[in-house]
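Summary of the model geometry
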Amino acid sequence: MSQRRNETENLEEICLCFSAKRGDSTSGHEIRNTYILSASFFFVFTAYLAIQNLQSSLNQEAGLGVTSLSCLYGFIIISAVLAPTVLKVIGGKLALVIAWILHIVYTLSNFYPTFGTLIPSSILLGLVSGPLWTAQSIYITRNAYSLADRTGKDAHVLLSRLNGIFFTIYELTQISGNIVSSAVLYKSASHSSNASSTTCGVNDCPAISGNATVLDQPSSDVVYTMLGVFLVFDVIGLILTATFLPPLPKSQWTESSSIKESVTSCFFTFGDMKMLLLVPFIAIMAMEQAVLWTDFTKSYVSCSIGIKMVGFIMAAYGGSTTVSALVTSRLAKYTGRQVLFAVAIIIQMSIFVAMFVFYPQGRSDLPYLFIMVVIWGVAEGIWQTQSNALIGYLYPENTEPAFANYHFWKATSFTVYFAISTVLCVKTKLIIVMTLLSVACVLYVALEVKVFFKQRTANISETK
């Protein structure tokens, strides 16, 4: 009874930090708000992720596609540092609305992709993405703790559940967006690859003349049709957020902190051991996605089969990730996050090894590529739901700076990978990510041991 009473008192303190009062726009509408937020992200990221998956294949001249992604994620680093300050000044809802407007600008810039159009729009999108994803994380965390306050249920279970709802819907974007892109691109008569098997897979090496993959491009009218569909999706997402999503109540931390404190808060990881132990773990979660978006789609799919199949294969990945996010967010209640993360680590390492030894030869490899992304999607569903739940669980009283840090390190890792993609061979990059995954695994175990002993010490103190 004493332990249960202390847990209840701790939960009440956490909920006070979030200012989740009965009369605010969160309390009583947590599930509804989660679905509205999820639907907005579904429409906007249906467009964005499909375009992103094709950047390295559609805009390969002078490395424009990968360079634009490097700029985008490079400026997310800056925006992640400023995210707490931005959210303090303009609030979470307005940050989302501005972000959706810049997503529309980004889609429009792809109608005429040059260094003068695509790079500036990528920079603008990067500058707003830090506050965007920090606001998303806080919305979900706020809803989870508010629901825990009203129902008395375990906060970590509800964090996993609401993150599961969000990322289940979010990962559907990989299905909708990629089916639209492949269905449209399939109409093009010029979409096959002219690359030989000797330059595909791990042999794709931009640093070596004559050993880099060069792909034929679809016709302009086909690309314009695809982008027009995506533009409509962007507008729908903007309308949903502006009309139906309530403002995000300010937390006690946001109301009490100064502008200077909110700016410097993103750097608290340099003195926080928990976050320091998580940095390689966060980095590999970003880099495994970067491997998929750049190397796998270009060097394994477009190179050996043709750009028209990228969307269909990524749709299979999205379907697998969606199911995984839905199932594993429920399983977490019974297995704990540790078991799920272990499964994700084993799968991810297996995928990297398979890519290292697999040499795509052509259309006959299509079943193997589908199998790889389906298995990959299982791991991704775990990464997405459990990583956000973990941050919310470890930092219930400092969500703004904690999630800003989370997205700062993800953006940094994306940027590093996109930058090295223009000069390193696929084989070298796979060695790098396999090494990073091994280091991340060891440090994550150290974090869990640290958390376990801290909780045990707290429980012993409570029983005395």
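So, a few notes on the structure that sits alongside this text. (Residues numbered from 1 in each chain as written. Predicted model: local features only at pLDDT ≥ 70, side-chain atom pairs only at ≥ 80, totals over all residues. Heavy atoms only, no water.)

Some points on the state of the cysteines
One pass over the structure, following the stated rule, counts 2 disulfides. Note on cysteine connectivity: C200 is disulfide-linked to C303, with sulfurs 1.8 Å apart. Its torsion about the S-S bond being -80°, the disulfide of C200 and C303 is classed as left-handed. Note that C200 is positioned in the loop between α7 (173–185) and α8 (220–244) and C303 in the loop between α11 (273–302) and α12 (310–357), a separation of 103 residues in sequence. One disulfide in the model links C205 with C425; its S-S distance is 1.6 Å. Of this pair, C205 sits in the loop between α7 and α8 while C425 sits in the loop between α14 (399–421) and α15 (426–463); the two residues are 220 residues apart in sequence, bridging distant segments of the chain. A relative accessible area of 1% means that C205 is categorised as buried. The disulfide pattern of the protein chain is 1-3, 2-4 when the bonded cysteines are numbered in sequence order. (Disulfide = S-S within 2.5 Å. Helix = DSSP H or I, 4+ residues; strand = E, 2+ residues; numbered from the N terminus. Buried < 20%, exposed > 50% of the residue type's maximum accessible area, 1.4 Å probe, protein only.)

Examining the packing of aromatic side chains
Throughout the structure, instances matching the rule amount to 33 aromatic pairs. Taken together, a centroid distance of 5.9 Å and an interplanar angle of 85° make the contact between F167 and Y170 edge-to-face. Of this pair, F167 and Y170 both sit in helix α6 (residues 155–171), separated by 3 residues, roughly a single helical turn. Exposure remark for F167: the relative accessible area of 1% places this residue in the buried category. Classification of Y170 by relative accessible area gives buried; the value is 6%. Between F358 and Y368, the ring centres sit 6.4 Å apart and the planes meet at 55°, which makes this aromatic pair tilted. (Phe/Tyr/Trp six-rings, centres within 6.5 Å; stacked < 30°, edge-to-face > 60°.)

With respect to the side chain of N110
By the element assignment, N110 lies in the loop between α4 (92–109) and α5 (118–151). For N110, a relative accessible area of 7% corresponds to the buried category. Setting aside residues up to four positions removed in sequence, N110 forms contacts with I51, Q55, N59, L118 and L227. (Contact = heavy atoms within 4.5 Å.)

Quick word on α4
Taking 1.5 Å of rise per residue, the 18 residues of α4 would be expected to cover 26 Å, and the 26 Å separating its terminal C-alpha atoms lies within 8% of that figure. The complete set of buried residues in α4 reads G92, A95, L96, V97, A99, W100, L102, H103, I104, Y106, T107 and S109. (Expected span 1.5 Å × (residues − 1).)

Comments concerning the nonpolar core
Core analysis: the biggest nonpolar cluster contains 136 residues, and F41, F45, F296 and L430 have the highest contact counts within it. Looking at this core element by element, the count peaks at 18 residues for α11. Leave out the neighbours within four places in its chain, and F45 touches A50, W100, H103, L132, W133, Y170 and T173. (Core = buried A, V, L, I, M, F, W, Y, C linked by side-chain atoms within 4.5 Å.)

Focus: the packing of α11 against α12
Close contact between α11 and α12 brings their axes to 6 Å; oriented N to C, the two are set at 155°. In terms of orientation, α11 lies roughly antiparallel with respect to α12. Side by side, α11 and α12 meet where F281, I284, E288, V291, L292, W293, F296, T297, Y300, V301 and S302 of the first sit next to V310, I313, M314, Y317, F341, I345, Q348, F352, M355 and F356 of the second. (Axes fitted to C-alpha atoms, helices over the stretch in contact; angles between N-to-C directions. Parallel < 35°, antiparallel > 145°, perpendicular 65-115°, else oblique.)

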